[in-house]
Amino acid sequence: MTDDRPAWARRIAAERQARDWSQRDAVRALRAHAPTELPAEDSMIRQWKRWESGQAPNDFYQPIIAAVFGTVTHALFPAPSRRDGDKEILTASGMETLEIVSRLNRSDVDGATLDALRITTDRLCSEYPYMPSDQLLIEGRQWLRRVVDLTAKNLTLAQHREVLALSGWLALLVGCVEYDTGDRHAAESTRRAALSLATEADHPEVAGWAHEMRAWFALTTGDYRGVIAAAQAGSEAAPNHGVAVQLAGQEAKAWARLGDRRQVEVALDKGRRLLEGMPHPENLDNHFVVDPAKFDFYSMDCYRLVGEDRLARTLADEVLRAGTDFDGTERSPMRNAEARVTLGVTAAREGDLEQALIHGERALHGDRQSVPSLIMTSRELAAVMRQRYSKEQAAQDYLNHLQELGREKPGFLPA
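Residues numbered from 1 in each chain as written. Predicted model: local features only at pLDDT ≥ 70, side-chain atom pairs only at ≥ 80, totals over all residues. Heavy atoms only, no water.

Observations concerning the overall build of the protein chain
Okay, step 1: For the protein chain, the helix and strand inventory stands at 21 helices and zero strands.
Okay, step 2: Residues classed as buried in the protein chain amount to 53% of the 415 residues present.
Okay, step 3: Look at the contacts in the protein chain between residues 6 or more apart in sequence, and 65% of them connect residues 24 or more apart.
Okay, step 4: Element-wise, carbon and sulfur atoms account for 49% of the exposed surface of the protein chain, whose accessible area totals about 18700 Å². (Helix = DSSP H or I, 4+ residues; strand = E, 2+ residues; numbered from the N terminus. Buried < 20%, exposed > 50% of the residue type's maximum accessible area, 1.4 Å probe, protein only. Contact = heavy atoms within 4.5 Å. Areas by Shrake-Rupley, 256 points an atom, 1.4 Å probe, with all protein chains shown as cover.)

What to know about the nonpolar core
Okay, step 1: Tyr 128, Leu 172, Leu 173 and Phe 288 are the most contacted members of the largest nonpolar core, which has 77 residues in total.
Okay, step 2: Among the elements that take part in this core, helix 10 (residues 157–180) stands out by supplying 12 residues, more than any other.
Okay, step 3: With residues near it in sequence (within four places) discarded, Phe 288 still touches Cys 125, Trp 169, Leu 172, Leu 173, Cys 176, Glu 205 and Trp 209.
Okay, step 4: One finds Ile 12, Leu 38, Ile 64 and Ala 66 within the second-largest nonpolar core, a separate group that totals 21 residues. (Core = buried A, V, L, I, M, F, W, Y, C linked by side-chain atoms within 4.5 Å.)

Quick look at the side chain of Asn 283
Okay, step 1: In this fold, Asn 283 is placed in the loop between helix 15 (261–276) and helix 16 (292–305).
Okay, step 2: Of note is the side chain of Asn 283, whose polar atom sits 2.9 Å from the side chain of Ser 126. (Polar contact = N/O pair within 3.5 Å; in protein donor to acceptor, adjacent residues only side chain to side chain.)

Quick word on helix 10
Okay, step 1: Taking 1.5 Å per residue as the helical rise, helix 10 with its 24 residues ought to reach 34 Å, and the 35 Å between its terminal C-alpha atoms agrees with that figure.
Okay, step 2: Within helix 10, 19 of the 24 residues are buried, which leaves the element mostly enclosed by the surrounding structure.
Okay, step 3: Following helix 10 by one or two positions, Gly 182 has its phi on the positive side, about 95 degrees. (Expected span 1.5 Å × (residues − 1).)

Structural notes on the packing of aromatic side chains
Okay, step 1: Taken as a whole and judged by the stated rule, the model has 12 aromatic pairs.
Okay, step 2: Judged by centre distance (5.3 Å) and plane angle (70 degrees), the ring pair of Trp 209 and Phe 288 falls under edge-to-face. On the criterion of sequence distance, the pair formed by Trp 209 in helix 12 (residues 204–220) and Phe 288 in the loop between helix 15 and helix 16 is long-range, its members being 79 residues apart. For the pair Trp 209 and Phe 288, a shared accessibility class is recorded, and that class is buried.
Okay, step 3: Ring centres of Phe 295 and Tyr 298 lie 6.2 Å apart, and the angle between their planes is 80 degrees; this geometry places the pair in the edge-to-face category. With Phe 295 and Tyr 298 both in helix 16 and three residues apart, this pair spans about one turn of that helix. As far as the burial class goes, Phe 295 and Tyr 298 line up, both buried.
Okay, step 4: By the ring-pair criterion, three or more aromatic residues cluster together here, those being Trp 21, Trp 48, Trp 51, Phe 60, Tyr 61 and Phe 69.
Okay, step 5: Here Arg 146 stacks its cationic end above the ring of Trp 143, 4.5 Å away from the centre of that ring. (Phe/Tyr/Trp six-rings, centres within 6.5 Å; stacked < 30°, edge-to-face > 60°. Lys NZ or Arg CZ within 6 Å of the ring centre and 35° of its normal.)

Notes on unusual backbone geometry
Okay, step 1: Phi is positive for Asp 20, close to 60 degrees, though the residue is something other than glycine.
Okay, step 2: Within the secondary structure layout, Asp 20 lies in the loop between helix 1 (7–18) and helix 2 (23–33).
Okay, step 3: Under the relative-accessibility criterion, Asp 20 is labelled exposed at 57%.
Okay, step 4: Its identity as a non-glycine residue notwithstanding, Asp 202 has a phi of 55 degrees, on the positive side.
Okay, step 5: As for its placement among the helices and strands, Asp 202 is situated in the loop between helix 11 (184–201) and helix 12.
Okay, step 6: A relative accessible area of 58% means that Asp 202 is categorised as exposed.

Focus: the pattern of salt bridges
Okay, step 1: For the structure on display, the rule yields 33 salt bridges.
Okay, step 2: Here Arg 310 ties to Asp 20 by a salt bridge, and the two come within 2.5 Å at their closest N and O atoms. Separated by 290 residues along the polypeptide, Arg 310 in helix 17 (residues 309–322) and Asp 20 in the loop between helix 1 and helix 2 bring together distant segments of the chain.
Okay, step 3: Ionic pairing is found between Arg 362 and Glu 330, a salt bridge with its closest N-O pair at 3.9 Å. Of this pair, Arg 362 sits in helix 19 (residues 353–363) while Glu 330 sits in the loop between helix 17 and helix 18 (333–349); the two residues are 32 residues apart in sequence, bridging distant segments of the chain.
Okay, step 4: Judged by its relative accessible area of 51%, Arg 362 falls in the exposed class. (Salt bridge = Lys/Arg side-chain N within 4 Å of Asp/Glu carboxyl O.)

Describing the packing of helix 10 against helix 12
Okay, step 1: Axis separation between helix 10 and helix 12 bottoms out at 10 Å; the angle between their running directions is 10 degrees. Relative to helix 12, the element helix 10 is oriented roughly parallel. Together, Ala 165, Gly 168, Trp 169, Leu 172, Gly 175, Cys 176, Tyr 179 and Asp 180 of helix 10 and Glu 205, Val 206, Trp 209, Ala 210, Met 213, Trp 216, Phe 217 and Thr 220 of helix 12 make up the contact between the two elements.
Okay, step 2: Residue composition of the contact of helix 10 with helix 12, by class: 11 nonpolar, three polar and two charged. (Axes fitted to C-alpha atoms, helices over the stretch in contact; angles between N-to-C directions. Parallel < 35°, antiparallel > 145°, perpendicular 65-115°, else oblique. Nonpolar A, V, L, I, M, F, W, Y, C, P; charged D, E, K, R; others polar.)

Some remarks on the environment of Val 319
Okay, step 1: Here Val 319 is to be found in helix 17.
Okay, step 2: With a relative accessible area of 6%, Val 319 lands in the buried category.
Okay, step 3: In this structure, the C-alpha to C-alpha distance between Val 319 and Lys 294, residues 25 residues apart in sequence, is 8.0 Å.
Okay, step 4: Look past the residues within four positions of Val 319 in its chain and what remains in contact with it is Asp 296, Phe 297, Met 300, Arg 335, Asn 336 and Ala 339.

Considering helix 2
Okay, step 1: Listing the buried residues of helix 2 in full gives Gln 23, Ala 26, Val 27, Ala 29 and Leu 30. The arc that holds every buried residue of helix 2, seen down its axis, measures 160 degrees, which confines them to one face.
Okay, step 2: Check the buried side of helix 2 and you find it contacts helix 1, helix 3 (41–53) and helix 4 (61–68). (Arc of directions from axis to C-beta.)

Laid out in structure tokens, this is it:
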């Protein structure tokens, strides 16, 4: 029988069941998070039943329900996307790429050209999740060179700062792709260049993301104290920007790997409160925009690490749902890969080797991968395989596949 309830209704029921809560338990948790007195318990239980059946809660209840399940409002109740599509550069600026490049070759730069560059930079950052790494790296480096060359032209002070900021965003993008493909040294050099550009432009958001990249690099190489230090530095640089949410997520991941459950919850709650207080982003596709659904991705990673398998599995299902279009096209293949590793880990812990291998192998076959992050999470599945299924040939085949992937990217070989 088809479940035609909205995704949020199915999710709140799944979240409640993952915690072994009755609907009465859920209402009591709701009351604990409510800023004001709620109606009587029996009335609220009837209301909860209506929500789980698909009747949408109003704006008062939505953030409270989100808080009950440790997420943010727009992760649970998504706002409609306002993105205009792939033709937005031409529509918004009236220029195609050839005309933009032609304008860049002039002795001075006008406002329309800078507007076109902003849109182009946003478009490139929005293609990060799915464009093939080699192609994105070529385009990103080409545009970075073009924009950096503008600093030698006749610019006003405001234009000069704008060009430095755009160069910073493009450097961040290029550095991320370099790291995804295993070029750690180039990625670190590019990250440092982005931080230098941010300092010169006095741009806290670019600076915050440069620190976030350092936290990510440290996380995937096992330097968990380095993650925490980078997260704190980034939060100080950009305390009021979305990157502060991602920094809190990286910090939570580090604490989870250090085995400190209390600090995990502190960091996640910090990130959740920051994100809940921010306006909903206009372009959820931009890699340097923290979309509400990404917060569930952070939490999934942390709960898997601390052994909360039912919560981790529930969130992994949600990450896959949010990251996949109705026709099966994956909008977030890298997040989806880590969600599949999570499903593999929980299945392996529960004794289901077949499902663990299905999820684990599928995670390794994506066209768009962040190799360091994928290997980092796959190490956990490998550890369970070695511990519980060392005599199974199928498990050995998976471990060999993981070793081959690590050898292709020196420096990321799993332990």
